[in-house]
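If you want the building blocks of each chain, they are given just below.
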Amino acid sequence: MSAATPRPPLTVLLATPRGFCAGVDRAIQIVERAIEKYGAPVYVRHEIVHNRHVVERLKRLGAVFVEELEECPPDRPVVFSAHGVPKAVPAEAKTRKMLYLDATCPLVSKVHVEAGRHFDAGREIVLIGHAGHPEVVGTMGQLPEDAVTLVETVADAEAFTPRDPARVAFVTQTTLSVDDTAAIVEALRRRFPAVAAPHKDDICYATTNRQEAVKAVAAHADVLLVLGSANSSNSVRLVEVARRAGAARAHLIEDAAALDLAWLDGAAVVGVTAGASAPEVLVQGVIDRLGEAFDIDVDEVDAPRETVSFKLPRALTG
Ligand code: SF4
């Protein structure tokens, strides 16, 4: 673009809060500290959090990502991802006398504990979540195979036939759409009035806050950009929430390089947010790229700051 060509104006609305949550921050720190303490390589079972940039950076520091424990040599430390693991995984690590560090988010562990309590009380458990997501695999893997039934939709909730309708409980994945989950919960409560339940659901504070923030921005934006990886559940949900809140042109992008400026044709306002596993540096990258093509005015939407933080495992702090 020549100096004589004025860049078109564009307002950039930044959603707040966005990006890293306390569970992601803790999980990344666990890998970094483990590499500092034990040296490289440190093995990580599954992507520590679902973000390509985070994974690539940790690989450069000395992390080796694998899908199964059997791929790890027994004499190197292994970290379990923030999504949680079936009980069989730490059990196998113990059998093999491996040093393992559990980066499961404490809010996921809380759901594991809840499910265990319902099981001990003799209840049949419904898990609201997405089939195949590692968090769902981990939560279902806390209990025997037939103890938990996965429900993904309202139709699934309507079709669920428990052994005893008076002894049903539900728990949820932490990164679901708040609104979709409310509809599923409503169907369960209507069918099983005695259902044992969390206060509302198990969707975590970070997922809830990011969805609220994106709704507030989407209502005023012509285009909405969500930084995050395609396998990040909470990031994908942000795109869906934004579309429903009125931002028809909502896109999930891995980073600034994935931004197609043609999406901004005719746009006066672009909203930007990031999933709970996406680093803030990626948001800055998008702002910089927008700034090259447009005369931007960046406006950060005011919201209360998140103050949640989680302790690291003792093995890394002692
Ligand atoms: Fe924990 Fe929620 Fe972050 Fe997942 S999104 S790591 S449950 S705080």
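Calculation criteria
Per chain, residue numbering runs from 1 following the sequence as it is written. Under the rules for a predicted model, residues below a pLDDT of 70 receive no local features and side-chain atom pairs below 80 are neither given nor counted, while totals for whole chains, interfaces and linings still include all residues. As a convention, hydrogens and water are excluded, and side-chain values are obtained from all of the structure's heavy atoms. One heavy atom suffices: a residue is near a molecule or strand as soon as one of its heavy atoms comes within 4 Å of it. In this classification, Asp, Glu, Lys and Arg are treated as charged, Ala, Val, Leu, Ile, Met, Phe, Trp, Tyr, Cys and Pro as nonpolar, and every other residue, Gly included, as polar. Each domain's extent was defined by an automatic or database domain assignment. Comment: elements are numbered from the N terminus, with helices defined as DSSP H or I runs of at least four residues and strands as E runs of at least two. Under the scheme applied here, a residue whose accessible area is under 20% of the maximum for its type counts as buried, over 50% as exposed, and between as partly exposed, the area being computed with a 1.4 Å probe on protein chains only. The contact definition used throughout considers only heavy atoms, calling two residues in contact when any of these lie within 4.5 Å. Expected helix span is computed as 1.5 Å times (number of residues minus one). Two strands pair under a simple rule: DSSP has to find at least two bridges between them. Axis geometry follows a simple rule: fit a line to the C-alpha atoms, using only the stretch in contact for helices, then measure angles between N-to-C directions, giving values from 0 to 180 degrees. Roughly parallel here means an angle under 35 degrees, roughly antiparallel means over 145, roughly perpendicular means 65 to 115, and every remaining angle is called oblique. The crossing is said to be left-handed when, going from far helix to near helix, the turn is anticlockwise and less than a right angle, and right-handed when the turn is clockwise. A pairing counts as a salt bridge when a side-chain nitrogen of Lys or Arg comes within 4 Å of a carboxyl oxygen of Asp or Glu. Each polar contact in these results corresponds to two N or O atoms within 3.5 Å; when the atoms are within protein, one needs to be able to donate a hydrogen and the other to accept it, and residues that are neighboring in sequence are counted only if both atoms are side-chain atoms. The definition of a nonpolar core used throughout is a set of buried Ala, Val, Leu, Ile, Met, Phe, Trp, Tyr and Cys residues joined through side-chain atoms within 4.5 Å. By buried area we mean the combined loss of accessible area, with a 1.4 Å probe, across both parts when two parts are placed together.

Here we come to the site of the ligand. In the vicinity of the ligand, the contacting residues are C21, G23, V24, C105, L107, T174, T175, C204 and Y205. Split into classes, the residues belonging to the shell around the ligand amount to six nonpolar, three polar and no charged. Composition of the shell around the ligand by domain shows at least three residues from each of domain 2 (22-105 + 310-317) and domain 3 (107-191).

Within the element layout of this structure, V137 appears in helix α5 (residues 134-140). A relative accessible area of 42% means that V137 is categorised as partly exposed. Between the C-alpha atoms of V137 and P198, which are 61 residues apart in sequence, the distance is 20 Å. Not counting the four nearest positions on each side in its chain, V137 is found in contact with P86 and G132.

Taking 1.5 Å per residue as the helical rise, helix α10 (residues 280-293) with its 14 residues ought to reach 20 Å, and the 21 Å between its terminal C-alpha atoms agrees with that figure. In the core, the buried residues of α10 are packed alongside β1 (9-14), α2 (52-61), β9 (223-227), β10 (249-253), β11 (269-274) and β12 (295-300).

Next up on the list: the sheet that holds strand β5 (residues 100-102). As summarised here, the arrangement of the four strands in space is β3-β2-β4-β5, forming an open sheet in which the pairing is parallel. Looking along the sheet, the strands with just one partner apiece sit at the ends: β3 (63-66) and β5. Averaged over all neighbouring strand pairs, the angle between strand axes comes to 25°, with direction disregarded. The sheet contact formed by strand β2 (residues 42-45) and strand β4 (residues 78-80) spans three bridges and is parallel. Looking at the pairing, R45 lines up with F80 of β4.

What follows covers the packing of helix α8 (residues 205-218) against helix α9 (residues 233-244). Across the interface, α8 lies against α9 with an axial gap of 9 Å and an inter-helix angle of 30°. Here α8 lies roughly parallel to α9, going by the angle between them. Of the two possible hands of crossing, α8 and α9 adopt the one that is right-handed. Across the interface between the two elements, T207, R210, Q211, V214, K215 and A218 of α8 pack against N234, R237, L238, V241 and A242 of α9. Counted by class, the contact of α8 with α9 contains five nonpolar, three polar and three charged residues.

Next up on the list: the pattern of salt bridges. With the rule as written, the count across this model stands at 16 salt bridges. A salt bridge links E300 to R18; the shortest N-O distance between them is 2.9 Å. In this pair, E300 sits in strand β12 while R18 sits in the loop between β1 and α1 (22-38), placing the two residues 282 residues apart along the sequence. What makes E300 partly exposed here is its relative accessible area of 40%.

Structurally, H46 is set in the loop between β2 and α2. A distance of 2.9 Å separates a polar atom in the side chain of H46 from a polar atom in the side chain of H50. If we ignore the near neighbours within four places in the chain, the residues touching H46 are F65, V66, E67, S81, H83 and P134.

The subject of this paragraph is the environment of V217. One can find V217 in helix α8. For V217, a relative accessible area of 1% corresponds to the buried category. Sequence spacing of V217 and A15 is 202 residues, and the spatial spacing of their C-alpha atoms is 6.2 Å.

What follows is about the packing of α1 against α2. In the contact formed by α1 and α2, the axes pass within 10 Å of each other and the chain directions differ by 10°. Between α1 and α2, the crossing angle belongs to the class labelled roughly parallel. Along its contact with α1, which presents I28, V31, E32 and I35, the element α2 presents V54, R57, L58 and L61.

With 26 residues, the main nonpolar core has V31, I48, L58 and V79 as its most contacted residues. Elements with a minimum of two residues in this core: α1, β2, α2 and β3. If you tally residues by element for this core, the top one is α1, at seven residues. When residues no more than four places from it in sequence are discounted, the contact partners of V31 are V44, I48, L58, A63 and V79.

The next subject is the domain arrangement of the chain. When the domains of the chain are assigned, the result is domain 1 (9-20 + 205-300), domain 2 (22-105 + 310-317) and domain 3 (107-191). Its C-alpha centre places domain 1 at a distance of 31 Å from the equivalent point of domain 3. If you look at the interface, domain 1 gives ten residues, while domain 3 gives eleven residues. When the two sides are added together, the surface that domain 1 and domain 3 hide from each other amounts to roughly 780 Å², 45% of it contributed by carbon and sulfur.

A few words on unusual backbone geometry. With an omega of -5°, the peptide bond between T16 and P17 qualifies as cis. Its location among the elements puts P17 in the loop between β1 and α1. Of the consecutive residues A40 and P41, the connecting peptide bond is found in the cis state with omega at 0°. Inspection of the secondary structure assignment puts P41 in the loop between α1 and β2.

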